[in-house]
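Structural features, examined
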Amino acid sequence: MSRPAPLTRWWTSALHAGYTGLARPVMFRYGGGDPEAIHDQLVPALGSLPAPAARALRTVLAPPWDPVRISGLTFPNPVGLAAGLDKDARAPLAWSALGFGFAEFGTVTPRPQKGNPSPRLFRLVDDRALINRMGFNNEGSAALANRLTMLGVERGNGVLGIPVGVSIGRNKLTANENAIDDYSRALRNVAPVADYVAINVSSPNTPGLRDLQSRRALEELFSELDEVRRDIHHQDPVPIWVKVAPELSWAELDDVVAAAEACGIDAIIATNTTLARTRADGGPLRSAKAAETGGLSGAPVTLKARQVVDYLARNTRLPIIGSGGVMSPADALALREAGASLVQLYTGFIYSGPALVRGVAAALAGAPLPTRSQEH
Ligand SMILES: Cc1cc2nc3c(=O)[nH]c(=O)nc-3n(C[C@H](O)[C@H](O)[C@H](O)COP(=O)(O)O)c2cc1C
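Described in the following lines is the structure provided in the data block. Numbering of residues starts from 1 in every chain and runs along the sequence as written. Only residues with pLDDT of at least 70 are given local features in this predicted model, and only at 80 or more are side-chain atom pairs given and counted; all residues enter the totals for whole chains, interfaces and linings. The basis for the side-chain values is all heavy atoms of the structure; hydrogens and waters are excluded.

**Thoughts on the sheet that holds strand 11 (residues 295-298)**
Rule in force here: A strand pair is defined by DSSP finding two or more bridges across the two strands. Strands are runs of DSSP state E lasting at least two residues, helices are runs of H or I lasting at least four, and both sets are numbered from the N terminus onward. Throughout, an axis means a line fitted to C-alpha atoms (over the contacting stretch in the case of helices), and angles, computed between N-to-C directions, take values from 0 to 180 degrees.
As summarised here, the arrangement of the 3 strands in space is 5-6-11, forming an open sheet in which the pairing is antiparallel. Among the strands making up the open sheet, the edge pair consists of strand 5 (121-124) and strand 11. Adjacent strand axes in the sheet meet at a mean angle of 20 degrees, parallel and antiparallel pairs treated alike. Here 4 bridges tie strand 6 (residues 129-132) to strand 11, and the two strands are oriented antiparallel to one another. In the sheet register, Ala129 faces strand 11, and the bridge partner there is Gly298.

Below, the structure written as structure tokens:
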């Protein structure tokens, strides 16, 4: 791990202290403590930042740049915004300004949908975790594509300064037998604005969705999506990544790998949120909210995500993107050592703010890349 310069370290600590000491307490109390209330204020507020302000913020917060190349894309740093934080791309310019090296919007579905009734997002502060059962609330894949198009985003043109990923899923009311149609429609909508498209078959909050992770279902889905992407961009089809659940057994992960490799999938994101309710050490969660239904993220997932990344890294040459419980630079470094080329943050970003993006980027700068996924 390269050691950041003293001034860089001082600035990261100051940012961390400012966020955890000032901003976070206010944010966590806002709206009577309902996490969705502050989220619904902050993301559009970030989206209304004028471009010069976003550029200035990017200069102030700038993490070390240490480009990583996978899926034919160059990531200025390996720290991504995980799917779900900016589902409808309301603040596209903010994420590079906050130091991220890529941003994954979505998950979007072909038709807009409201998601589950509120409350549906819970903070488990004592466990440094969140539980959510949002249920793919989103304005639809066409609306997302329109919003990005209005900003001048086109696949490959780099208008946001970082690669743009879009995560797609099926609508709640679509049966799994018809899921391929939903994914195909969403892929057609978002392919013109996405540098990569992530296939979400691992959210625990859409009934039956995770059944699409069986080998047969994945092979059918992937081969259809491969045809669709080749139909859209004949010579240079958009990279497709798939995101898996942390609960898959090793045998089930073997199936995902086999299907992904057979159908030309470009990378695997490991992992989504978990239905488990234990701490990393196996003990019970401490927070009263632990009994809420939904997907658990944050510190309790750190070890599980690392184990899945490690297993995948030993069983495929596809690049792996580590997602789950990156709460500190050391967690990110451990994911890299387990085999992740890139990492994504959600819950850690909520608890530690932009200092975590900087800290993780600094920790990964110069850390060896997994040899199997390097491009030359
Ligand atoms: C409120 C919330 C909403 C999420 N929505 C999505 C989503 O729409 N699509 C998706 O692929 N993952 C979604 N996720 C999962 C995250 O992208 C990430 O994989 C997971 O939270 C583990 O990372 P973390 O521990 O850093 O949060 C969501 C997570 C949270 C907390």
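On we go.
**Considerations on the site of the ligand**
To be explicit about the condition: Nearness here has a simple test: a residue counts as near a molecule or strand if at least one of its heavy atoms is within 4 Å of that partner. Two N or O atoms count as a polar contact when they lie within 3.5 Å, although within protein this holds only if one can serve as hydrogen donor and the other as acceptor, and sequence-adjacent residues are included solely when both atoms are side-chain atoms. Method remark: on a 1 Å grid restricted to protein atoms, a set of points is classed as a cavity if a 1.4 Å probe fits but cannot get out and as a pocket if it is open with protein on both sides within 12 Å along at least five of seven lines; lining residues have an atom within 4 Å of a point. What decides whether a molecule sits in a cavity or pocket is whether more than half of its atoms lie within 2 Å of the grid points. Each residue is assigned to one of three groups, with Ala, Val, Leu, Ile, Met, Phe, Trp, Tyr, Cys and Pro labelled nonpolar, Asp, Glu, Lys and Arg labelled charged, and all others, Gly among them, labelled polar.
In the vicinity of the ligand, 21 residues are found, and the nearest of them are Ala83, Thr107, Ser323, Gly325 and Thr347. Interatomic distance of 3.2 Å between a backbone N/O atom of Thr271 and an oxygen atom of the ligand. Residue Gly325 places a main-chain N or O atom 2.7 Å away from an oxygen atom belonging to the ligand. In a pocket analysis with a 2 Å cut-off to the grid points, the ligand is assigned to the largest pocket. In the shell around the ligand, the residues fall into 6 nonpolar, 13 polar and 2 charged.

**Observations regarding the pairing of strand 5**
Regular strands have side chains that alternate between both faces of the sheet. Short version of the rule: Accessible area is worked out with a 1.4 Å probe on protein chains only. A residue is then buried under 20% of its type maximum, exposed over 50%, and partly exposed in between.
Of the two faces of strand 5, the one carrying Leu121 and Arg123 and the one carrying Phe122 and Leu124 are both buried. Bridge count between strand 5 and strand 6: 4 bridges; the pairing is antiparallel. Within strand 6, the position partnered with Arg123 by the bridge is Leu130. Between the antiparallel neighbours strand 5 and strand 6 lie 4 residues, among them Arg128 with a positive phi of about 50 degrees.

**Notes on the packing of helix 10 (residues 329-338) against helix 12 (residues 354-364)**
Using the following cut-off: Roughly parallel covers angles under 35 degrees, roughly antiparallel covers those over 145, roughly perpendicular covers 65 to 115, and oblique covers all other angles. Note: crossing handedness is left-handed where the near helix turns anticlockwise from the far helix by less than a right angle, and right-handed where it turns clockwise. Only heavy atoms enter the contact rule, under which two residues are in contact if any of them lie within 4.5 Å.
It is the contact of helix 10 with helix 12, at a shortest axis distance of 8 Å, that shows an interaxial angle of 40 degrees. Taken together, the axes of helix 10 and helix 12 are oblique relative to one another. Crossing of helix 10 against helix 12: the hand is right-handed. Contact with helix 10, carried on its side by Pro329, Ala332, Leu333 and Arg336, involves Leu356, Gly359, Val360, Ala363 and Leu364 of helix 12 and no other residues of that element. Of the residues contributing to the contact of helix 10 with helix 12, the split by class is 7 nonpolar, 1 polar and 1 charged.

**Section: the layout of surface pockets**
Threshold: Grid points are joined across faces, edges and corners, and a volume is the space filled by probe spheres set on the points.
If you add up the space inside the largest pocket, you get close to 780 Å³. Ala83, Gly84, Leu85, Lys87 and Tyr346 are, among the 45 residues lining the largest pocket, the residues nearest its centre. Counting residues per element, the lining of the largest pocket draws most heavily on helix 2 (residues 35-47), which supplies 5 residues. Grouping the constituent residues of the lining of the largest pocket by class yields 15 nonpolar, 21 polar and 9 charged. Estimates place the volume of the second largest pocket at around 410 Å³. In this structure, the second largest pocket is lined by 22 residues; those nearest its centre are Tyr19, Met27, Leu42, Phe349 and Ile350. Sorting the residues of the lining of the second largest pocket by element identifies helix 1 (6-29), helix 2, strand 5 and helix 11 (347-352) as the ones contributing at least two each. In terms of residue class, the lining of the second largest pocket is made up of 19 nonpolar, 2 polar and 1 charged.

**Here's the deal with empty space enclosed by the protein**
Applying the stated criterion across every chain yields a total of 1 cavity of 30 Å³ or more. Taken as a whole, the largest cavity encloses approximately 40 Å³ of empty space. Lining of the largest cavity is provided by Val153, Glu154, Gly156, Asn157, Gly158, Val159, Leu160, Ile162, Val164, Val193 and Asp195. Here the residues of the lining of the largest cavity sort into 6 nonpolar, 3 polar and 2 charged.

**A few points about the nonpolar core**
Note the threshold: In this text, buried Ala, Val, Leu, Ile, Met, Phe, Trp, Tyr and Cys residues form a nonpolar core when linked through side-chain atoms within 4.5 Å.
In terms of nonpolar packing, the biggest core is built from 89 residues, with Trp95, Phe100, Phe105, Ile168, Tyr183, Leu187 and Ile199 touching the most fellow members. Apart from residues lying up to four places away in sequence, Phe105 is in contact with Asp86, Lys87, Ala89, Pro92, Trp95, Leu144, Leu148, Leu160, Val164, Gly165, Val166 and Ser167. Formed by 12 residues, the second largest nonpolar core is a distinct cluster that contains Val68, Leu73, Phe102 and Ile321.

**Brief notes about unusual backbone geometry**
Thr107 follows Gly106 through a cis peptide bond whose omega is 10 degrees. With respect to the helices and strands, Thr107 occurs in strand 4 (residues 102-108). The residue after Ala270, namely Thr271, is reached through a cis peptide bond having omega 15 degrees. Checked against the element boundaries, Thr271 lands in the loop between strand 10 (267-270) and strand 11. Phi at Arg128 takes a positive value of approximately 50 degrees, unusual for a residue other than glycine. Within the element layout of this structure, Arg128 appears in the loop between strand 5 and strand 6.

Read these as geometric descriptors, not functional statements.
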